Structures are given as structure tokens and as C-alpha cells.
Amino acid sequence: MTHSFQLGKFSIGVGDRFAHQAKAQLATCIEAGHAGVEVIPVWNKSNREHHIIGSEPSETRAAADAAVKALGWKHPYFCDADHINLTTVDRFLAPCDFFTIDVADYIGKAAESATIEQFLKRRADLAGTLRLENVAEPIEISPALLRATATKFLFAVQEAGKVYRKIEAAKGKGNFIAEVSMDETDSAQTPAELLIILAAIADEGIPVQTIAPKFTGRFNKGVDYVGNVTQFRREIALDVAAIAWATANLGLPKNLKLSIHSGSDKFSIYSAIHDATKKSGVHLKTAGTTWLEEIIGLAEAGGDGVALAKEIYAEAYAHREELCAPYATVIDIDPAKLPAPASVNKWTSTQFTSALRHDPHSPAYNASLRQLLHVGFKIAAKMGDKYLRLVEANEKVIAKNVTENLYDRHIAPVFLGKPAPTAVPAHAEAK
Ligand SMILES: [Zn+2]
């Protein structure tokens, strides 16, 4: 099969911390196909995650290839070097064919003034009122905003160009997918800023297929969106329209689409995402919550499984400060809501799974416990074989949880427009 390095309309980024669930994840794309929508799987794993676990990007590739072979998947699939930069990209070059070039750290560093002036001259016609397709609200760009945005983002885009050219030199032009991400930063980018950034990316010659801005609101790992859903709905519609304008007018790839680094489980905005992107397409990047389904499966299995799940919780509880530190900006744990390990040790399998499983209607669901375990994968990584042997022994019950979670809670609402678990009632979203 000749591989096309063009990302399809709908794609899902999945994380698989311990590289054991690729088959269960791929099964959801097959199920989506049966429901009439082609969803392309992309296995993503960041450098930070590889570092914490002590794994290599080549292992993610091997697991993806094996799953594709085992299930006879005939459509494209990709391995994403997630959040890489110039210094971390090397070990991803051979095994990956999707590169999320993270330039968030360079936002706010000013490019040389001559570069900024050239950009302002070249792109002077961006200033004014832009009426976009499918949205009533225009995008207003004043000369001052154009200058401020160039000053804030041009250096970061130049940095993205350097990373892109390093990857291109290694892999060859057209042999990989390039994404530019700016989500791991403090302030959200407005649709007007996104449009200006896309002009800079076009000037830099990066054939970007997905762009990941930071949206307003909080995208904590593994839990629901915290923010104004109405505002998000407006913002994403404008972002999609800005991207459509950019592909039509700036010479960027026709399949350029929004990449949403969701951190998983943003149930209350899934309907807004579906509505805004059903025509344009979208890449939904989820976080490594598949690992939580491994814990849920182990707990459900009882015996040694639930004992290990409790042991992992106790260890995570004891090391909570150290585990949370690298994720400080993307988690919100209320320490008062974390049950003491001594009481968790008395829990039944059902008590454990209902605290951890993200069912917002269940009174037993505990978002703080869920977030702590989410960042607690280092504990399981340290257990090594002890953990993996039990995961392998309980493959069936775990796979069922992985597939159901990914399909029912993510793929169905985002790509098929089915209700999400926390579907916000229309009146609550209206204001
Ligand atoms: Zn991200």
C-alpha cells in the first residue's frame, strides 16, 4: 500500500502510555467506519511522557503497526511526535510520520525588527474587516493588532520553520504531516491572531495540515472543560472560518484543519466541536486517559487486579506533589477530595471503578482522584513487569473498557454528533 501523507477529514489522536492498547483503540476507528465515518487513528506520545515512562518512540510505532496488521486496518494511520522542538525531535524522526511542532515557549519573544517590518508590509492587506464564510461575525484586524500579533508570534513561527526544515531534511518533503501547536501557553489566541499566525506560517513555507491554538477555558487532563461554553462555541466557529479563509487565500494545504488538544473528556464542548467542524474536519487529540481504563479494567477484574489498582492509588497519594508538579497548569486537584488510601483499601471493585470512571452523573465519580491517577502513571512505570503482567493477564476486560470509553465518550459525540455524557442542556448553554 502506498501511504499518503495527507491527513483525512476526521482524525483522532490517542495516547497509549504502556503501548498495550493499540488494538483496543484501533477497534474504535473500525466501529466508526461501520457507523459511516472514516476516522484516522494517530498514536501520540510526547517527549515528556516517554521521559517519565522510560519508553522510546519506536515502541509506539511497533505497537501501532502490530495493531494495524492484526485488525487488517486498510486506511492510513500515523505516529505523532507530540510536542517536540529542535532539541527533542531526533529520536522521533525515524519512527514518526506526524510531528507536532510545539513553539509555545517562544511566544512573546520578538523577532528582529526588520523581519517584523517586512511581514507588516507583505501582509498589510490583512488589516481591515474580513467577512468569512459560515459565520455572521466578521474578523476585525486593526494595523495595531497586526503589529502586536507579529511582534508576539513571528519569532515562534520562525522557530517552527527551523524544526519543520530539520524534519524535512531527515524525512523528505511530503513524507510526513506537520502540525504547529501553541496550546501550552498562558493566554488563548483569538481567531484574528490565529489568522495572522497562519499568514506567518504560510510565509515561513510550512505546509501545515493541523494547527493547535489555545482556546479560552481550562483543558485539564482527563476531566471536563471548565469555561464559558457559549464563548467557546463562538470562538471555534470563527477559528474554523479563519482556517478556511487561510487555505483559500494563503496557499496553505487544502486539508488544513483545527487540532484540538483536548486533554480528553471535554464532554460539555463536544457538541460545539461537532457543529463547528463537521464540514471542515478536525483532529481531536486526546490525552493518555487510556491508561486510566487499564486501571479501571484491573479494578473490575478484582483479585490481584484491584489490589494493584489500590496499591497504585496509595503510592500516587503518597507522592502526589511530585507527580502533579510537571502538570501544574493542566490539572486542578482538590486535596480535600482525595480519599485516604486506608479507606480506598476497603473499597469494592465497583466503588473503585465508579470513583475513577468519568461518569459525571454518578455521585461516586471523583474528579480529583481521577486526575491524580491520570498523572500517576509514573508509579505503574516503576512497577514495570509487575504492572504489565497483570495488564496482559486482564487484556479482555481492559480492552472492553478502552474501546467503550474511546468510542462512546469521544468518537461518537465529536465525529457522529451523538450526545456526550455531560451534554449540557440547551438552556444551560444559552447563558
Ligand atoms: Zn497540546
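Above this note sits the structure.
Everything numeric in this text was worked out from a predicted model, so none of it was measured.

**Things to note about the state of the cysteines**
Turning to step 1, where the next piece is worked out: The tally for this structure, following the rule as stated, stands at zero disulfides.
Turning to step 2, where the next piece is worked out: Here Cys 79 stays free of any disulfide, with the sulfur of Cys 96 as its closest cysteine sulfur at 5.8 Å.
Turning to step 3, where the next piece is worked out: Its relative accessible area of 1% is what places Cys 79 among the buried residues.

**Some remarks on the coordination of the zinc ion**
Turning to step 1, where the next piece is worked out: The coordination sphere of the zinc ion contains the protein donors His 83 (NE2), Asp 183 (OD) and His 261 (ND1), at a distance range of 2.0 to 2.3 Å.
Turning to step 2, where the next piece is worked out: In primary sequence terms, the donor set of the zinc ion follows H-x99-D-x77-H. Residue His 83 is found in strand β3 (residues 78-84), and its partner His 261 is found in strand β9 (residues 257-261); the two are separated by 178 residues along the sequence. Comparing His 83 with His 261 shows no difference in burial state: the two are buried.

**Digging into the packing of helix α1 (residues 22-34) against helix α3 (residues 57-71)**
Turning to step 1, where the next piece is worked out: Viewed as axis vectors pointing N to C, α1 and α3 meet at an angle of 55°, and their least axial separation amounts to 9 Å. Comparing their axes, α3 and α1 come out oblique. Between α1 and α3 lies a crossing of right-handed hand. Contacts from Ala 22, Lys 23, Leu 26, Ala 27 and Ile 30 in α1 reach Ala 63, Ala 64, Ala 67, Val 68, Ala 70 and Leu 71 in α3.

**Observations regarding the nonpolar core**
Turning to step 1, where the next piece is worked out: Phe 99, Leu 198, Ile 201 and Phe 415 are the most contacted members of the largest nonpolar core, which has 98 residues in total.
Turning to step 2, where the next piece is worked out: Those residues in contact with Phe 99 that sit more than four places away from it in its chain are Asp 80, Ala 81, Ile 84, Val 89, Phe 92, Leu 93, Ile 167, Lys 171, Phe 176, Ile 177, Ala 178 and Glu 179.
Turning to step 3, where the next piece is worked out: Counting residues in each nonpolar core, the second largest holds 40 residues, with Ala 24, Cys 324, Leu 372 and Met 383 among its members.

**Focus on unusual backbone geometry**
Turning to step 1, where the next piece is worked out: The phi dihedral of Ala 19 falls on the positive side, at around 55°, and the residue is not glycine.
Turning to step 2, where the next piece is worked out: By relative accessible area, which is 26% here, Ala 19 ends up partly exposed.
Turning to step 3, where the next piece is worked out: Phi at Asp 265 is positive, roughly 65°, even though this residue is not glycine.
Turning to step 4, where the next piece is worked out: Along the chain, the position of Asp 265 falls in the loop between β9 and α8 (270-277).

**Let's talk about the sheet that holds β9**
Turning to step 1, where the next piece is worked out: The strand order β1-β2-β3-β4-β7-β8-β9-β10 describes a closed barrel built from eight strands, whose pairing is parallel. On average, adjacent strands in this sheet sit at an angle of 25° to one another, irrespective of strand direction.
Turning to step 2, where the next piece is worked out: In this sheet, strand β10 (residues 282-285) lies alongside strand β1 (residues 10-14) in parallel orientation, the contact comprising four bridges. Its bridge partner lying in β10, Phe 10 is registered against Val 282.

The rules behind the values
- Residues numbered from 1 in each chain as written.
- Predicted model: local features only at pLDDT ≥ 70, side-chain atom pairs only at ≥ 80, totals over all residues.
- Heavy atoms only, no water.
- Disulfide = S-S within 2.5 Å.
- Buried < 20%, exposed > 50% of the residue type's maximum accessible area, 1.4 Å probe, protein only.
- Donors = N, O, S within 2.8 Å, 3.2 Å for Na, K, Ca; no water.
- Helix = DSSP H or I, 4+ residues; strand = E, 2+ residues; numbered from the N terminus.
- Axes fitted to C-alpha atoms, helices over the stretch in contact; angles between N-to-C directions.
- Parallel < 35°, antiparallel > 145°, perpendicular 65-115°, else oblique.
- Left-handed = near helix turned anticlockwise from the far one by under 90°.
- Contact = heavy atoms within 4.5 Å.
- Core = buried A, V, L, I, M, F, W, Y, C linked by side-chain atoms within 4.5 Å.
- Pairing = 2+ DSSP bridges.

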